[in-house]
Amino acid sequence: MTKAASQYEAPSRVPVGVDPTRASIARVYDAFLGGKDNYAIDREVFERVKKVAPEAQDLAWSNRNFLIRAVRFLVDQGGIRQFLDCGSGLPTAENTHQVAQRIAPEARVVYVDNDPVVIAHGNALLEENDYTNFVSADIFQPQQVLQNPEVCRHLNFDEPIALLQVGTLHHYTADNGGELMREYIEALAPGSFVAISHFYNPETPEHQALATRMEDVFIHSPMGSGRFRTKAELMKFIPGLEIIPPGPGLEPDIVLSDLWWPDGPLLRPLSQVEECSAAVVARKPIG
Ligand code: SAM
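Bear in mind that the values here come from a model prediction, so they are computed numbers and not experimental data. (Residues numbered from 1 in each chain as written. Predicted model: local features only at pLDDT ≥ 70, side-chain atom pairs only at ≥ 80, totals over all residues. Heavy atoms only, no water.)

A. Structural view of the nonpolar core. Counting 36 residues, the largest nonpolar core has Leu84, Met181, Tyr184 and Val194 as its most contacted members. Here this core takes four residues from helix α8 (residues 177–187), the largest share from any one element. Excluding its chain neighbours within four sequence positions, the residues that come into contact with Val194 are Leu163, Met181, Ile185, Leu188, Ile238, Leu241, Val280, Val281 and Ala282. By size, the runner-up hydrophobic cluster in this structure holds 32 residues, among which are Leu67, Val99, Phe193 and Trp260. (Core = buried A, V, L, I, M, F, W, Y, C linked by side-chain atoms within 4.5 Å. Buried < 20%, exposed > 50% of the residue type's maximum accessible area, 1.4 Å probe, protein only. Helix = DSSP H or I, 4+ residues; strand = E, 2+ residues; numbered from the N terminus. Contact = heavy atoms within 4.5 Å.)

Shown next as structure tokens:
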């Protein structure tokens, strides 16, 4: 391990794999999305969060739906043809490569995860897709990802890349996440994008309390991670980048995930939980 790599610590550095007695982030997320690839210990985390936030599944859906809209934007408007999807999760409907390659069949996607179950499912899904690869690495060790031979073989870092950290950085519980992201951003060519969605503490009296309760449950659950960061904390994850305006007529900003270029008008109020997920897309300046 290099000196740079050894400075980052997070509980999810040790993947739990197929151990049914330990909750895994990927399986817990699958349980939140209503999937079938999870064990009782993973569903227990979901049930515990539901006790303090009955609409807990919205945390996962806000995140996933943002991912789909952001990838569509990045290919269609951003002209991006290379994706580094950090913390891909278990394959579900509308994975990054499916959304991207529907618009641009030649778009390359490298998924990175450290959960062996995710890698096994991913490789099975991709047997016949030459433009998509799964890599096993620790996304909280940027050099492990950036120097991975498979990553370097499939992505050209001289050309723009979209780096996705969707639903991942809240599992990095230490305070130096900005430095971690800076390492990634330094490796990207100008014109590259970073897309992030993250558990959010909106700092309003009502939702701050909910965010704190959910964080407490996640951190003390068998999964052991899930930080709800404030906007100021999230801003540190995009050093030197230009934020893309999150909607028509809006100033560049980090916004609630559901409010980032929604697919259409919102006809119902956001749930309490939807108020606790934030997202941003930002670009590395060209000149
Ligand atoms: N990005 C997907 C999405 O938004 O739908 C999945 C998000 S899921 C909540 C987080 C994923 O990050 C899981 O699959 C988990 O295994 C992965 N993950 C967590 N910590 C990781 C680490 N240190 N290295 C690699 N992957 C990690």
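B. Spatial organisation of the pairing of strand β5 (residues 193–199). Most of β5 sits out of view: seven of its seven residues are buried. Considered for its hand, the β-α-β crossover made up of strand β4 (residues 162–166), α8 and β5 is right-handed. When β5 meets strand β8 (residues 277–283), the two strands line up antiparallel, connected through seven bridges. When the bridges of β8 are listed, Ala195 appears paired with Val281. (Right-handed = clockwise from strand over helix to strand, strands pointing away. Pairing = 2+ DSSP bridges.)

C. Examining helix α5 (residues 116–125) more closely. Buried within α5 we find Val117, Val118, Ile119 and Gly122. Buried residues along α5 sit in contact with α1 (25–32), β2 (108–113) and β3 (132–136). At the N-terminal end of α5, a side-chain oxygen is found 2.9 Å from the backbone nitrogen of Val117, two or three residues along, and the residue is Asp115. (Polar contact = N/O pair within 3.5 Å; in protein donor to acceptor, adjacent residues only side chain to side chain.)

D. Expanded view of the pattern of salt bridges. Scanning the model with the defined rule gives 11 salt bridges in all. Arg72 is paired through a salt bridge with Asp263; the nearest N and O atoms lie 2.6 Å apart. Of the two residues, Arg72 sits in helix α3 (residues 57–76) while Asp263 sits in the loop between β7 (255–256) and β8, which places them 191 residues apart along the sequence. Assessed through its relative accessible area of 32%, Arg72 is described here as partly exposed. The exposure class of Asp263 is exposed, given its relative accessible area of 63%. Between Arg227 and Glu233 there is a salt bridge; the shortest N-O distance is 3.2 Å. We classify Arg227 as buried; its relative accessible area is 14%. By relative accessible area, Glu233 is classed as partly exposed at 27%. Linked through salt bridges whose partners overlap, the residues forming this network are Asp175, Arg227 and Glu233. (Salt bridge = Lys/Arg side-chain N within 4 Å of Asp/Glu carboxyl O.)

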